[in-house]
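Okay, here's what each chain looks like letter by letter:
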Amino acid sequence: MHLRRDISNIPWLGLLLVGPLPSCLKTLYYRARGAKIGRRVRFGLLSYIRAGTLEIGDDTRIAPLTFIVTRKGCTIGKRCHIQPLCMIDTGEFTMGDDARLR
């Protein structure tokens, strides 16, 4: 039963519709939704973020096959790197500057 619940929490629609977009279009998509995205932020293929508020600092990298789902806000600092296959589902997510998530 745990596996079934975990799979149902994956944002399949967002991964399929937004995930395949190139990084520059994902940046435009998130900014159009009110997000603050820094300079030189890179989103990998099939990465997706769903958050009430979103703020990402300069030079941050979000690798392919990564998703972040928060019910409130998501703040990622400058020069952060989120490696492939990270799956975060939480109330609120904050990551400081120069951090790595594997």
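The shown structure was predicted, so the numbers you read here are calculated from the model rather than taken from an experiment.

Peer 1: Explanation requested: the environment of Met87 in the structure shown.
Peer 2: Inspection of the secondary structure puts Met87 in strand S9 (residues 87–90). Note on Met87: relative accessible area 51%, which makes it exposed. Between the C-alpha atom of Met87 and that of Ser47, which follows or precedes it by 40 residues, the distance is 9.8 Å.

Peer 1: I'm lost on the pattern of salt bridges in this one. Help?
Peer 2: Inspection of the entire model under this criterion finds 4 salt bridges. Note that Asp59 and Arg40 form a salt bridge whose closest N and O atoms lie 2.6 Å from each other. Remark: Arg40 occurs in the loop between strand S1 (36–37) and strand S2 (42–43) and Asp59 occurs in the loop between strand S4 (53–56) and strand S5 (61–62); sequence separation between them is 19 residues. We classify Asp59 as partly exposed; its relative accessible area is 26%. Between Arg79 and Asp98 there is a salt bridge, and its shortest N-O distance comes to 2.7 Å. Pair noted here: Arg79 is in the loop between strand S7 (73–76) and strand S8 (81–82) and Asp98 is in the loop between strand S10 (93–95) and strand S11 (100–101), with a separation of 19 residues, a long-range link. With a relative accessible area of 43%, Arg79 lands in the partly exposed category. Asp98 sits in the partly exposed class, given a relative accessible area of 49%.

Peer 1: Whenever I open this one, the packing of aromatic side chains confuses me. Can you help?
Peer 2: Given two aromatic rings, their pairing is described by the distance between the two centres and the angle made by the two planes. All told, the structure shown has 2 aromatic pairs when counted by the stated rule. Taking the centre distance of 5.3 Å and the plane angle of 65° together, the rings of Tyr29 and Tyr30 count as edge-to-face. The class for Tyr29 is partly exposed, based on a relative accessible area of 26%. Relative to Phe43, the ring of Tyr30 has its centre 5.3 Å away and its plane inclined at 45°; by these criteria the two rings are tilted. With Tyr30 in helix H3 (residues 23–32) and Phe43 in strand S2, the pair connects residues that are 13 residues apart, well separated along the chain. For Tyr30, a relative accessible area of 3% translates into the label buried.

Peer 1: Can you walk me through the sheet that holds S9 in this structure?
Peer 2: Pairing is parallel across the open sheet formed by 3 strands, whose spatial order is S3-S6-S9. On the outer flanks of this sheet lie strand S3 (48–50) and S9, each paired with one strand and no other. The sheet shows a mean angle of 0° between the axes of neighbouring strands, taken without regard to direction. Bridge analysis of S3 against strand S6 (residues 67–70) gives 3 bridges, and the strand direction is parallel. Pairing of Arg50 across the sheet is with Val69, part of S6.

Here is what the cut-offs are and how they apply
Residue positions within a chain follow its written sequence, with the count starting from 1. Per-residue local features are limited, in this predicted model, to residues with pLDDT of at least 70; the limit for side-chain atom pairs, both in listing and counting, is 80 or more; totals at the level of whole chains, interfaces and linings are taken over all residues. The side-chain quantities take in all heavy atoms of the structure and omit both hydrogens and water. Secondary structure elements are taken from DSSP: a helix is a run of H or I of four residues or more, a strand is a run of E of two residues or more, and numbering for both begins at the N terminus. Exposure is judged per residue with a 1.4 Å probe applied to protein chains only, and the accessible area is read against the type maximum: over 50% gives exposed, under 20% gives buried, and values in between give partly exposed. Criterion for a salt bridge: a side-chain nitrogen of Lys or Arg within 4 Å of a carboxyl oxygen of Asp or Glu. Two rings belonging to Phe, Tyr or Trp (six-membered ring only in the last case) form a pair when the distance between their centres is within 6.5 Å. Interplanar angles under 30 degrees mark stacking, angles over 60 mark edge-to-face geometry, and anything in between is tilted. Paired strands, as defined in this entry, are two strands with at least two bridges between them according to DSSP. Only the stretch in contact is used when a helix axis is fitted, and all axes are lines through C-alpha atoms; the angle between N-to-C directions ranges over 0 to 180 degrees.

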